[in-house]
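Per-entry structural report
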Protein chains: 2
Amino acid sequence: MTAQEPSCCDAHGDGQHPLTLRRLGIDTHQEAVIYMPSDCHVCRAEGFQARSRVLVSANGHSILATVNQTTPGGLLAPGEAGLSEAAWGRLDASEGTQVTLRHAPAVESHGAIRGKIHGKRLGREAMRHVVEDVVAGRLSDIYLSAFITACAATLDFDEVVSLTQAMIDTGQRLEWQSDLVVDKHCVGGLLGNRTTPIVVAVAAACGLTIPKTSSRAITSPAGTADVMETLAPVDLDEAAMRRVVERERGCLVWGGSSRLSPADDILIRVERALDLDSLGQLVASVLSKKAAAGSTHVLIDIPHGPKAKVRSVDTAQQLGRLLEGVGRLVDLDVRVLLTDGSRPIGRGFGPALEARDVLAVLQNDPNAPADLRERALDVAGAVLEFSPNISAGGGPRVARRVLEDGAAWSKFQAICEAQGGLREPPRAALTHTVEATRAGQVLELDNRRLSRVAKFAGAPADPAAGLELHVGIGDSVEAGQPLFTLHAQAKGELGYALDYLEREADLVRLGKEEA
Amino acid sequence: MTAQEPSCCDAHGDGQHPLTLRRLGIDTHQEAVIYMPSDCHVCRAEGFQARSRVLVSANGHSILATVNQTTPGGLLAPGEAGLSEAAWGRLDASEGTQVTLRHAPAVESHGAIRGKIHGKRLGREAMRHVVEDVVAGRLSDIYLSAFITACAATLDFDEVVSLTQAMIDTGQRLEWQSDLVVDKHCVGGLLGNRTTPIVVAVAAACGLTIPKTSSRAITSPAGTADVMETLAPVDLDEAAMRRVVERERGCLVWGGSSRLSPADDILIRVERALDLDSLGQLVASVLSKKAAAGSTHVLIDIPHGPKAKVRSVDTAQQLGRLLEGVGRLVDLDVRVLLTDGSRPIGRGFGPALEARDVLAVLQNDPNAPADLRERALDVAGAVLEFSPNISAGGGPRVARRVLEDGAAWSKFQAICEAQGGLREPPRAALTHTVEATRAGQVLELDNRRLSRVAKFAGAPADPAAGLELHVGIGDSVEAGQPLFTLHAQAKGELGYALDYLEREADLVRLGKEEA
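If you're wondering where the values come from, they're calculated on a predicted model, not measured in any experiment. Per chain, residue numbering runs from 1 following the sequence as it is written. The naming scheme follows written order: chains are lettered A onward, ligands numbered 1 onward. Totals for whole chains, interfaces and linings use every residue, but because this is a predicted model, local features are given only for residues with pLDDT of at least 70 and side-chain atom pairs only at 80 or more, for both listing and counting.

Side note on the overall build of chain A
Keep this limit in mind: Segments assigned H or I by DSSP are reported as helices when at least four residues long, segments assigned E as strands when at least two residues long, and all are numbered from the N terminus. Here the globule rule reads 2.2 Å times residues to the power 0.38, and the radius of gyration is calculated from C-alpha atoms. With C-beta atoms placed from the backbone, the exposure class of a residue follows from how many other C-beta atoms lie within 10 Å of its own: 20 or more, buried; 12 or fewer, exposed; in between, partly exposed. What counts as a contact is two residues whose backbone-derived C-beta atoms lie within 7 Å of each other.
Regarding its fold elements, chain A presents 18 helices and 18 strands. Here the C-alpha atoms of chain A give a radius of gyration of 26 Å, agreeing with the 24 Å that 2.2 N^0.38 yields for 515 residues. Expressed along its principal axes, the backbone C-alpha trace of chain A runs to roughly 90 × 55 × 45 Å. Out of the 515 residues in chain A, the part that is buried amounts to 57%. Of all intrachain contacts in chain A linking residues separated by at least 6 positions in sequence, the fraction that spans at least 24 positions is 78%.

What to know about the sheet that holds strand S18 (residues 508-510) of chain B
Operational definition: A pair of strands counts as paired when DSSP detects no fewer than two bridges linking them.
Across the sheet, which stays open at both edges, the three strands sit in the order S16-S14-S18 (chain B) with antiparallel pairing between neighbours. The open sheet terminates on both sides in strands that have one partner only, identified here as strand S16 (476-477) and S18 of chain B.

Section: the interface of chain A and chain B
Going by this rule: Residue classes follow a fixed rule: Ala, Val, Leu, Ile, Met, Phe, Trp, Tyr, Cys and Pro count as nonpolar, while Asp, Glu, Lys and Arg count as charged, and any other residue, Gly among them, counts as polar.
The partner chain B presents 54 residues to the 55 residues of chain A that form the contact. Going through the elements one at a time, strand S1 (19-27), helix H1 (41-46), strand S4 (61-70), helix H3 (108-117), helix H5 (141-152), helix H10 (262-274) and helix H18 (491-503) of chain A are the ones with two or more residues in the side of chain A that touches chain B. Here the element with the most residues in the side of chain A that touches chain B is H5(A); it accounts for eight residues. By residue class, the composition of the side of chain A that touches chain B is 23 nonpolar, 20 polar and 12 charged.

Considering the relation of the copies chain A and chain B
For the record, the criterion: Copies are brought into register by a least-squares superposition over C-alpha atoms of residues with pLDDT of at least 70 in both.
Between chain A and chain B, which share one sequence, the superposing operator has a rotation angle of 179° and an axial displacement of 0.1 Å; the RMSD is 0.1 Å. Taken together, the rotation and translation describe the operation of a two-fold axis.

Some points on the sheet that holds strand S17 (residues 482-488) of chain A
By definition, the strands of a sheet pair up through backbone hydrogen bonds, in either a parallel or an antiparallel sense. Residue and element names in this part refer to chain A. Applied cut-off: Fitted lines through C-alpha atoms give the axes, limited to the stretch in contact for helices. The angle between two N-to-C directions lies from 0 to 180 degrees.
Strands sit in the order S12-S15-S17-S13 across an open sheet of four strands; the sheet is antiparallel. In this open sheet, the two edge strands, each paired with only one partner strand, are strand S12 (348-349) and strand S13 (430-435). Here four bridges tie strand S15 (residues 466-469) to S17, and the two strands are oriented antiparallel to one another. Within S17, the residue paired with Leu 469 across the bridge is Phe 484. Where helix H17 (residues 447-456) meets the sheet, its contacts fall on S12 and S15, and the angle it forms with S15 comes to roughly 130°.

Comments concerning the nonpolar core
The test is simple: One nonpolar core equals one set of buried Ala, Val, Leu, Ile, Met, Phe, Trp, Tyr and Cys residues connected by C-beta atoms within 7 Å.
A:Val202, A:Ala203, B:Val202 and B:Ala203 are the most contacted members of the largest nonpolar core, which totals 285 residues. If you look at the next biggest cluster of nonpolar residues, it comprises 60 residues, including A:Leu24, A:Ile26, A:Cys40 and B:Val42.

Topic: the domain arrangement of chain A
Test applied: Where each domain begins and ends follows an automated or database-derived domain assignment.
Domain boundaries assigned for chain A yield domain 1 (19-103), domain 2 (108-154), domain 3 (182-255 + 293-419) and domain 4 (430-510). A C-alpha centroid distance of 48 Å is found between domain 1 of chain A and domain 4 of chain A.

Brief notes about the confidence of the model for chain A
All names here are of chain A. Using the following cut-off: The predictor attaches a confidence to each residue, called pLDDT, with possible values from 0 through 100.
Across chain A, the average pLDDT comes to 90, with 95% of residues at 70 or higher. This model gives residues 1-16 a pLDDT under 50, and the stretch forms 47 contacts once residues within four places in sequence are excluded. Quick note on the complex model: pTM equals 0.84, ipTM equals 0.83.

What about unusual backbone geometry?
Most peptide bonds adopt trans geometry, and most residues besides glycine take a negative phi value. Residues and elements named next belong to chain A. The peptide bond linking Ala 459 to Pro 460 adopts the cis configuration, its omega dihedral lying at 0°. Mapped onto the secondary structure, Pro 460 falls in the loop between H17 and S15. Of note, Asn 364 is a non-glycine position whose phi angle comes to about 55°, a positive value. Its location among the elements puts Asn 364 in the loop between helix H13 (351-362) and helix H14 (370-384). According to the C-beta neighbour criterion, Asn 364 is partly exposed, with 14 such atoms within 10 Å.

Concerning helix H14 (residues 370-384) of chain B
Residues and elements named next belong to chain B. What counts, and what does not: By this rule, a helix spans an expected 1.5 Å times one less than how many residues it contains.
In a regular helix each residue adds 1.5 Å, so 15 residues correspond to 21 Å; H14 covers 21 Å between its end C-alpha atoms and thus fits that length. The buried fraction of H14 is high, at 11 of 15 residues. When we look at burial in H14, the residues that qualify are Leu 372, Arg 373, Arg 375, Ala 376, Leu 377, Val 379, Ala 380, Gly 381, Ala 382, Val 383 and Leu 384. Among the structural elements, strand S7 (182-186), helix H7 (196-205), strand S10 (297-304), strand S11 (333-340), helix H13 (351-362) and helix H15 (395-404) are those in contact with the buried residues of H14.

As for the pairing of strand S8 (residues 210-214) of chain A
Burial of S8(A) is extensive: five of the five residues sit out of reach of the surface. Residues A:Ile210, A:Lys212 and A:Ser214 point to one face of S8(A) and A:Pro211 and A:Thr213 to the other, with burial holding for every one of them.

Section: the pairing of strand S14 (residues 440-445) of chain B
Residues and elements named next belong to chain B. Alignment of S14 against S16, held across two bridges, turns out to be antiparallel. Across the sheet, Gly 440 pairs through a bridge with Val 477, a residue of S16. Alignment of S14 against S18, held across three bridges, turns out to be antiparallel. Pairing of Val 442 across the sheet is with Leu 510, part of S18.

Side note on H5(A)
For an α-helix, 3.6 residues make a turn, and residues three or four places apart therefore share a direction. All names here are of chain A. Its 12 residues place the ends of H5 16 Å apart at the C-alpha level, agreeing with the 16 Å of an ideal helix rising 1.5 Å per residue. With respect to burial, H5 is a largely interior element, 12 of its 12 residues being buried. For H5, the full list of buried residues reads Asp 141, Ile 142, Tyr 143, Leu 144, Ser 145, Ala 146, Phe 147, Ile 148, Thr 149, Ala 150, Cys 151 and Ala 152.

Comments concerning the environment of A:Gly348
Along the chain, the position of A:Gly348 falls in strand S12. Counting along the chain gives 139 residues from A:Gly348 to A:His487, while the straight-line C-alpha distance between them is 10.0 Å.

Re the environment of A:Asp179
Tracing the backbone through its elements, the reader meets A:Asp179 in the loop between helix H6 (157-169) and strand S7 (182-186). Residues A:Asp179 and A:Thr296, spaced 117 residues apart in sequence, show a C-alpha to C-alpha distance of 7.3 Å.

Structural notes on the environment of A:Ala293
Residue and element names in this part refer to chain A. Position of Ala 293 relative to the elements: it lies in the loop between helix H11 (279-292) and strand S10 (297-304). We classify Ala 293 as buried; it has 20 C-beta atoms within 10 Å. Setting aside chain neighbours within four positions, we find Ala 293 in contact with Leu 174, Asp 183, Pro 211, Thr 213 and Leu 260.

What to know about the packing of helix H4 (residues 124-135) of chain B against helix H10 (residues 262-274) of chain B
Residue and element names in this part refer to chain B. For the record, the criterion: For classification purposes, angles smaller than 35 degrees are called roughly parallel, those larger than 145 roughly antiparallel, those between 65 and 115 roughly perpendicular, and all remaining angles oblique.
The geometry of H4 relative to H10 is characterised by a closest axis approach of 9 Å and an angle of 80° between their N-to-C directions. With respect to each other, H4 and H10 are oriented roughly perpendicular. Across the interface between the two elements, Val 131, Val 134 and Val 135 of H4 pack against Pro 262, Ala 263, Ile 266 and Leu 267 of H10. Residues belonging to the contact of H4 with H10 are distributed by class as follows: seven nonpolar, no polar and no charged.

Thoughts on the packing of H6(A) against H11(A)
All names here are of chain A. The line we're drawing: Definitions for this section: a left-handed crossing has its near helix turned counterclockwise from the far helix by less than a right angle. A right-handed crossing has that turn clockwise.
As a packed pair, H6 and H11 sit with axes 8 Å apart at the nearest point and diverge in direction by 35°. H11 is crossed by H6, and the crossing has right-handed handedness. For the pair formed by H6 and H11, the contact residues are Glu 159, Val 160, Leu 163, Thr 164, Met 167 and Ile 168 on the first element and Gly 280, Val 283, Ala 284, Leu 287, Ser 288, Ala 291 and Ala 292 on the second.

In structure tokens:
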């Protein structure tokens, strides 16, 4: 081979000059990236540059990837290529696998996305092609962003139905041996609104099938899966989950990553990066997850308020109608509960602290947070009314009875035992209580900054960490009275949280001292 | 320090626990990426994940970057971080620089972009904020894509003016000591349409100031800068360029990368990735570059045809009106020439081959390609009419006289000498001629595939490489008559081009044999 001949790789994919894969272990989230030295022959011959799209083939598999180039003499030698972890997984690669490259072929859905950008409606088939390409990783982040942007303000009802159905159809779907499989969901998490464990206990105690999967925290100090994990194992495979549900009718497990509605997992990360929450995409996201989990009846809690994700009652109603309407067309019986989203619920914010609130409610502790109990009973009551045995309007009464007579607590214990054993939530090694510097009435609790300080204290990575609130809106406090306590496992993290508090004005806003 | 304390990096930027930079040499194009081990304390404490946006600070500089995570024990040790080359440059980093991280602060223009997504017009100030954030690298690729998508179909006239003005104002602007500084541009390159060197020679020979900067090829076998580089040095700094223009009135240099209209360089790569060409963005891109180059009068050649970038005469006219109208409001006198874009121009496609066509025209060679000569005279004539000394409609006649009497060729030689010396374009080591397999009339020349085979043969990286056409549309050929010749420097590349030809049907389509 002379210097003028292809030295590292085949330029058009006939397999004569493959590149050798090296695992660099770079996690780009879902984007498939191929790293190649900029002096690689194939880059020069084909004109590949950083951000070119290429088809990478090995062992009969092919994936599309975005090119990043490495400095000659750096991470990669001529003849070598690296892959991002997402690409590595999709190609089922091993160290030393030989790959060939060629220019990326046309992606079928690109034309549909460009059409949507220019104002054309996406029909059912076009939407399915887009979602299939999303799931197969054929769309770069730039195209995913373009798709989400083009849809954000313009999806009509039929398009939302098409998107939801395509997201359901491109994932797995759980099946349960019951015609009535109930579920609940809260749109736009409200700090501390940890009703799910209580709702599942009540519904299962009443004989409803409620195989609940929950997520971990993404931007909050705790997700339901994080809270439950302080009480019982939640990382169950499908078979173990089925055994729990067969025995107890309900479960409270972590939903895992991406088997169900994998399109949603990909799209939602881009939506979050753009801070875009369009109603259409929200509906498709929520309903596709619920349908994939095998639910037939879904109660959706929509907290609304000036600082909640849903700002006004009008938007909440509009969202509710869309959820119910789209649900009907994808075979889900959806009902909506509009709730107050103006203030945090419960006292603890962080996995173990929220678990303690949940336990207090289930155990009928007289000091249990009343707002959490009442909210959970409202939601559980609405869920119970999916049952043909419970009359419209009769749900909350039944829920309260089941909670107060201890049946819900027994059921919760049984579910936890079936999942691997009920345990005591951990307590943090360090606490620090912040007191009122003067007397006054509590006017406002800042959800966003309370959440932030709980995270600085270590939640949810340290399950014992977080923030415990001692006052509610409307309470009158004296100077020196505790407002909240920080819980942390490490001095450093407690320090971060305290530094943050020093820089920020009152998270608990007090009014003038009462006369 | 105990295991529970922050071990690698400060969580909120007060400088106590910095990360140490290592240069990984990864070119992501323009996106600033920070690579961090996933077990880094700061990732855990702050909840950073792949795709989180962070503020990276060192030595009083700060940049926004997107997080990629590396496998523990892999590329980076705890306490280390890497940066993409774009981030490395923006932060002016060195090996071992200490950086601190915090959550990315709000980016001012995000709200404006979300507003645009939801249908709000972007006012002048909002547009300026967006473009400033583009130039400062504060927008992730995902946001750049969202901005481009949201604007693609919806920019109104005032928004195009605002975008153009903001793109001009956020870059440098050259100034020339003349009230009449002319320029020309071709929208949507047409294969072989290398009129620029001829137009500059004619205009400068007539005494007009024409400080021409050109680009290198992006998707074509040659850009004007690539062609000129086979004839003279083109990589001149601003001072050298000024000396050439002072002496000869004109120059033909490479425009360099990003000083002029840096926003355009960033946006255009994302537009290309999306294959989106909206008229508004095209106008802003072209006019901002021309204004930044210090031009006062610009002639724009718009080739149109079914396979050209501009498909119809209607679109060409619409684009022309927008260019002229927006030009007026950003102080550019813009005139438009609609031309035939249905067939390639000249015979050679590739830097040296196109340079030979240009030389043949300038030297009044009787075998010079007539289509290139006539097209160049049309454009040069229109440029000359910007001069108050040349009457409307009189330009082409003056241009032809200056070409035919050798004044243009003398001026071209003088410009090349001033740039560092005229040289002979290289000849390729290898050639291969493709002949007609039967007699017939040439019905069609496939621009796109002719361009592709020229690139396979090595153009523009090998300046001598490319494709030389021996026939034109309408010609009658005999079996065995040469259709085109491939030029290549390396056997491998010639082989790629031949393989491609074998797989593809006729690039030169022949009709039935004439009776």
